[in-house]
Amino acid sequence: MKKLLGILLTPLFLLVWGLLLNLFHVAQVIAFRGFGPNAHRRCVDLLNFCLIHALWILGTRISVRYTQALPSDRPIIFVANHQNKLDIPGISWYLRRHAPKFVSKIELGKGIPSISYNLRHSGAALIDRSDTRQSLREIGRLAQLIEQTRSSAVIFPEGTRSTSGEMQPFATGGIKILLKKAPSALVVPVYIHGTWKLNRYGRFPMSPGERIGWTVLPAIEPAGKTPDEVAALAEQSIRGEFAARFRQGAE
């Protein structure tokens, strides 16, 4: 019955998503070219609000939990697990106060309405996974940008999305570069839960009535710690939240 409902609702959801991406692509171009980066950022914030709340069409229930207030006077490196493409608009909207910029694969910088335009004009690091030197250079550039602007970077150390909710090993090279080039940054782990269930049946249909959420975990102060120690603490924090939710039967 649930899958049948997904078959009925998914086309409407995808239609709304497609319309939003195309309409906001035009709006982004007008905002950026006509009014500058700040107007563009506000336009993207509104886009992300619409994208994440379009999940209401599927009856998705969304929760967000912040374990502490975060500072606005220093850069932040958000370290998150990754389950679904919808993780990104969720982080973008719920952490919009910190102007998050993503470490993303270079392929996403072209061909996707709204998404590609924003990645190219927001300062995101577009990395070529086959070119280590280019990847490190891009991540370093992003780190210097957040250091200068007191904004934030988002990195998914698993490298690819988990399709089952199980966490994959963290690759910590990107975190280390961000810490090196943004020495005043605070590191904040983010645990994303349940978004993989939206595609439990594959790309089609999407699964209706799921519970998903974002938990912003306690910050890690890098001062006095090595980059390896900070990366390990971030992974430990996220895995600890995963284990706690798994025991509760929430994953």
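Use the structure listed above.
As the structure is a prediction and not an experimental result, all values here were calculated from the model.

S.K.: Even after reading the chapter, I still don't get the overall build of the protein, so can you show me in this structure?
M.R.: A tally of regular secondary structure across the protein gives seven helices and seven strands. In sequence order, the secondary structure elements of the protein are arranged as α-α-β-β-α-β-α-β-α-β-α-β-β-α. The globule rule puts the C-alpha radius of gyration for 251 residues at 18 Å, and the 18 Å found for the protein is close to it. With the C-alpha coordinates aligned to their principal axes, the bounding extent of the protein is approximately 55 × 50 × 35 Å. Within the protein, contacts between residues at least 6 apart in sequence are counted, and of these 73% link residues at least 24 apart. In the structure as shown, the protein presents an accessible area of about 12200 Å², 58% of it carried by carbon and sulfur atoms. One finds the centroid of the 32 positive side-chain charges in the protein at a distance of 6 Å from the centroid of its 17 negative side-chain charges.

S.K.: I'm lost on the layout of surface pockets in this one. Help?
M.R.: Empty space left among the atoms is revealed by rolling a probe the size of a water molecule over them. In this structure, the second largest pocket encloses a volume near 470 Å³. Along the wall of the second largest pocket there are 16 residues; nearest its centre are Asn84, Lys85, Arg161, Asn199 and Arg203. Each residue belonging to the lining of the second largest pocket can be placed in one class, and the counts come to six nonpolar, seven polar and three charged.

S.K.: How should I be thinking about the pairing of strand β3 (residues 100-105) in this particular structure?
M.R.: A regular strand places its side chains on the two faces of the sheet in alternate fashion. Here β3 lies mainly inside the structure; five of its six residues are buried. Bridge count between β3 and strand β5 (residues 152-155): three bridges; the pairing is parallel. Looking at the pairing, phenylalanine 102 lines up with valine 154 of β5. In terms of strand pairing, β3 meets strand β4 (residues 125-127) through three bridges, oriented parallel. Each residue of the ladder has a partner; that of serine 104, found in β4, is leucine 126.

S.K.: What is the right way to read a nonpolar patch on the surface from this model?
M.R.: A surface patch of nonpolar side chains, amounting to about 750 Å² of accessible area, comprises Met1, Leu4, Leu5, Ile7, Leu8, Leu14 and Phe204. With respect to the helices, strands and loops of the structure, leucine 14 is situated in helix α1 (residues 2-35). Judged by its relative accessible area of 41%, leucine 14 falls in the partly exposed class.

S.K.: Explain the packing of helix α2 (residues 37-53) against helix α3 (residues 87-94) to me, please; I cannot follow it from the model alone.
M.R.: When two helices pack together, their arrangement is given by the angle between their axes and by how far apart the axes lie. Orientation of α2 relative to α3, taken along the N-to-C sense of each, is 130 degrees, at an axis distance of 8 Å. What the angle tells us is that α2 and α3 run oblique. In this structure, α2 crosses over α3, and the sense of that crossing is left-handed. Of the residues in α3, those in contact with Asp45, Asn48, Phe49, Leu51, Ile52 and His53 of α2 are Pro89, Gly90, Ser92, Trp93 and Tyr94. Residues that form the contact of α2 with α3 fall into these classes: six nonpolar, four polar and one charged.

S.K.: What is the right way to look at the side chain of serine 151 in this model?
M.R.: Looking at the secondary structure, you find serine 151 in the loop between α5 (132-149) and β5. One polar contact links serine 151 to lysine 101, side chain to side chain, over a distance of 3.2 Å. With residues up to four places along the chain from it excluded, the contact list for serine 151 reads Arg74, Pro75, Ile76, His98, Ala99, Lys101, Leu145 and Ile146.

S.K.: Before we go on, may I ask you to explain unusual backbone geometry in this structure?
M.R.: Most peptide bonds take the trans configuration, and most residues that are not glycine carry a negative phi. A cis amide bond, omega -5 degrees, links phenylalanine 204 with the succeeding residue proline 205. Within the fold, proline 205 resides in the loop between β6 (186-193) and β7 (211-216). Even without glycine at this site, arginine 150 takes up a positive phi of about 55 degrees. Looking at where arginine 150 falls in the secondary structure, it is placed in the loop between α5 and β5. For arginine 150, a relative accessible area of 39% gives the class partly exposed.

S.K.: What am I meant to see in the sheet that holds strand β2 (residues 76-80) here?
M.R.: Note: strands within a sheet are paired through backbone hydrogen bonds, in either parallel or antiparallel orientation. If you trace the seven strands from one edge of the open sheet to the other, you get β1-β7-β6-β2-β5-β3-β4, paired in mixed fashion. One side of each edge strand has no neighbouring strand; the edge strands of this open sheet are β1 (61-66) and β4. Strand-to-strand, the axes of this sheet are offset by a mean angle of 20 degrees, without reference to chain direction. The strands touched by α3 within the sheet are β1, β2, β3, β5, β6 and β7, with β3 carrying the most contacts at an inclination of about 165 degrees.

Conventions used here
- By convention here, each chain's residues receive numbers from 1 onward along its written sequence.
- In keeping with the predicted nature of the model, local features appear solely for residues at pLDDT of at least 70, side-chain atom pairs appear and are counted solely at 80 or more, and the whole-chain, interface and lining totals rest on all residues.
- Only hydrogens and water are set aside; all other atoms, that is, all heavy atoms of the structure, feed into the side-chain values.
- Each helix corresponds to a stretch of at least 4 residues labelled H or I by DSSP, and each strand to a stretch of at least 2 residues labelled E; elements are numbered beginning at the N terminus.
- Radius of gyration here uses only the C-alpha atoms, and the compact-globule reference equals 2.2 Å multiplied by the residue count raised to the power 0.38.
- Two residues qualify as a contact provided that any one of their heavy atoms is within 4.5 Å of a heavy atom in the partner residue.
- All accessible areas in this document rest on Shrake-Rupley with a 1.4 Å probe, and a residue is counted as covered only by the protein chains that are shown.
- When charges are tallied, Lys and Arg are placed among the positive residues and Asp and Glu among the negative ones, while His and the ends of the chain are skipped.
- Charge placement uses NZ in Lys and CZ in Arg. For Asp and Glu, CG and CD serve respectively.
- Cavity means a closed set of points on a 1 Å grid over the protein atoms alone, one where a 1.4 Å probe fits but cannot get out, pocket means an open set with protein on both sides within 12 Å along at least 5 of 7 lines, and lining means a residue has an atom within 4 Å of a point.
- Grid points are joined across faces, edges and corners, and a volume is the space filled by probe spheres set on the points.
- Gly counts as polar in this scheme, as do all residues outside two lists: the nonpolar Ala, Val, Leu, Ile, Met, Phe, Trp, Tyr, Cys and Pro, and the charged Asp, Glu, Lys and Arg.
- The cut-offs for exposure are 20% and 50% of the maximum accessible area for each residue type, with area from a 1.4 Å probe on protein chains only; residues under the lower value are buried, those over the upper are exposed, and the others partly exposed.
- At least two DSSP bridges between two strands are required for those strands to pair.
- Residues form patches when they are more than 30% accessible in relative terms and have no salt bridge. Like charges link within 9 Å. Nonpolar side chains (Val, Leu, Ile, Met, Phe, Trp, Tyr) link within 5 Å.
- Whenever Lys or Arg places a side-chain nitrogen within 4 Å of a carboxyl oxygen from Asp or Glu, that contact is recorded as a salt bridge.
- Convention adopted: a line fitted to C-alpha atoms gives each axis, helices being fitted over their contacting stretch, and angles between N-to-C directions are expressed from 0 to 180 degrees.
- An angle below 35 degrees is read as roughly parallel, one above 145 as roughly antiparallel, one from 65 to 115 as roughly perpendicular, and any other as oblique.
- Crossing handedness is defined as follows: a turn of the near helix away from the far one that is anticlockwise and smaller than a right angle gives a left-handed crossing, while the clockwise case is right-handed.
- Polar contacts, as used here, are pairs of N or O atoms within 3.5 Å; protein pairs need one atom able to donate a hydrogen and one able to accept it. Residues neighboring in sequence count only if both atoms are side-chain atoms.

Everything listed here is a matter of coordinates, which is why it stays silent on function.
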